[in-house]
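Observations on the model geometry
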Amino acid sequence: MSSIFSKIIRKEIPADILHEDDVCLAFRDINPQAPVHFLVIPKKEISSLADLEKDDELVVGRCLLVASKVAAEEGLHNGYRLIANTLGDGGQEVPHLHFHIMGGRKLTWPPG
Ligand code: AMP
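Within any chain, residue numbers begin from 1 and follow the written order of that chain's sequence. The model is predicted, so local features are restricted to residues of pLDDT at least 70 and side-chain atom pairs to those at 80 or more, both for listing and for counting; the totals for chains, interfaces and linings are taken over all residues. Values reported for side chains reflect all heavy atoms of the structure, with hydrogen atoms and water molecules removed beforehand.

Attention now goes to unusual backbone geometry. In this structure, the amide linkage connecting Trp 109 to the following residue, Pro 110, adopts the cis form with an omega of 0 degrees. The helix and strand labels rest on DSSP assignments: H or I over at least four residues marks a helix, E over at least two residues marks a strand, and numbering proceeds from the N terminus. With respect to the helices and strands, Pro 110 occurs in the segment after strand E5 (99-103). Residues other than glycine seldom take positive phi values, yet Lys 11 does so here, at roughly 65 degrees. Topologically, Lys 11 is positioned in the loop between helix H1 (4-9) and strand E1 (17-20). The backbone of Leu 87 sits at a positive phi, close to 60 degrees, despite the residue not being glycine. Relative accessibility decides the category of a residue: with a 1.4 Å probe and only protein chains considered, values under 20% of the type maximum give buried, values over 50% give exposed, and everything between is partly exposed. The exposure class of Leu 87 is partly exposed, given its relative accessible area of 45%.

Spelled out as structure tokens, the structure:
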């Protein structure tokens, strides 16, 4: 399913992009919930973590490597949280697989 993130990938709407390569994109969340809050998405249209296929192994691996690299560049040396809200019960609003990376403050657990 095409979503607003496809428009960001195609540069049809602006985003504060932190990393881009042939497989994925990292950009700041428009409604940050922590001092540092960015998203990493695959360029491939994958709706959610629940829709991964075997061929997506390298795509997801790249996304996690990018998350780690950008987190370090953003100065999150004390740690951070990576979340993939998935489908309805997971609170997913945008139907394009994305990893939230949040840090820069002490995060509480569990989430709501
Ligand atoms: P989720 O509930 O996991 O689907 O979260 C979607 C996230 O995308 C939210 O944190 C939104 O603030 C963020 N978001 C939605 N539209 C944009 C946008 N145009 N640019 C950056 N982040 C966005």
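Right, let's talk about the nonpolar core for a bit. What makes a nonpolar core is a set of buried Ala, Val, Leu, Ile, Met, Phe, Trp, Tyr and Cys residues whose side-chain atoms join them at distances within 4.5 Å. Ala 26, Phe 38, Val 40, Val 66, Phe 99 and Ile 101 are the most contacted members of the largest nonpolar core, which totals 18 residues. Those elements giving two or more residues to this core turn out to be strand E2 (24-28), strand E3 (36-42), helix H2 (57-73) and E5. Here the element with the most residues in this core is H2; it accounts for 7 residues. Among residues more than four places away in sequence, those in contact with Phe 99 are Phe 38, Leu 39, Val 40, Leu 49, Val 60, Cys 63, Leu 64, Leu 82, Ile 83 and Ala 84. Ranked by size, the runner-up nonpolar core spans 8 residues in total, among them Ile 9, Phe 27, Leu 39 and Val 94. It only takes one pair of heavy atoms within 4.5 Å for two residues to be counted as in contact.

Time to look at the environment of Leu 58. Within the secondary structure, Leu 58 is located in helix H2. Overall, Leu 58 belongs to the exposed group, its relative accessible area being 74%. Note: C-alpha distance between Leu 58 and Val 23 (35 residues apart in sequence) is 9.2 Å.

Any carboxyl oxygen of Asp or Glu within 4 Å of a side-chain nitrogen of Lys or Arg constitutes a salt bridge here. Counted by the stated rule, this structure contains 10 salt bridges. Between Lys 43 and Glu 20 there is a salt bridge, with its nearest N and O atoms 2.8 Å apart. Of this pair, Lys 43 sits in the loop between E3 and H2 while Glu 20 is found in strand E1, placing the two residues 23 residues apart along the sequence. Given the relative accessible area of 25%, Lys 43 is considered partly exposed. For Glu 20, a relative accessible area of 36% gives the class partly exposed. Here Lys 44 ties to Asp 56 by a salt bridge, and the two come within 2.5 Å at their closest N and O atoms. In this pair, Lys 44 sits in the loop between E3 and H2 while Asp 56 sits in the loop between E3 and H2, placing the two residues 12 residues apart along the sequence. Under the relative-accessibility criterion, Lys 44 is labelled partly exposed at 38%. The network of salt bridges with shared partners includes Lys 11, Glu 20 and Lys 43.

Let us look at the pairing of E2. Burial within E2 is extensive, with 4 of its 5 residues counted as buried. By the convention used here, strands pair only if DSSP detects at least 2 bridges between them. Between E1 and the antiparallel strand that follows it, E2, lie 3 residues.

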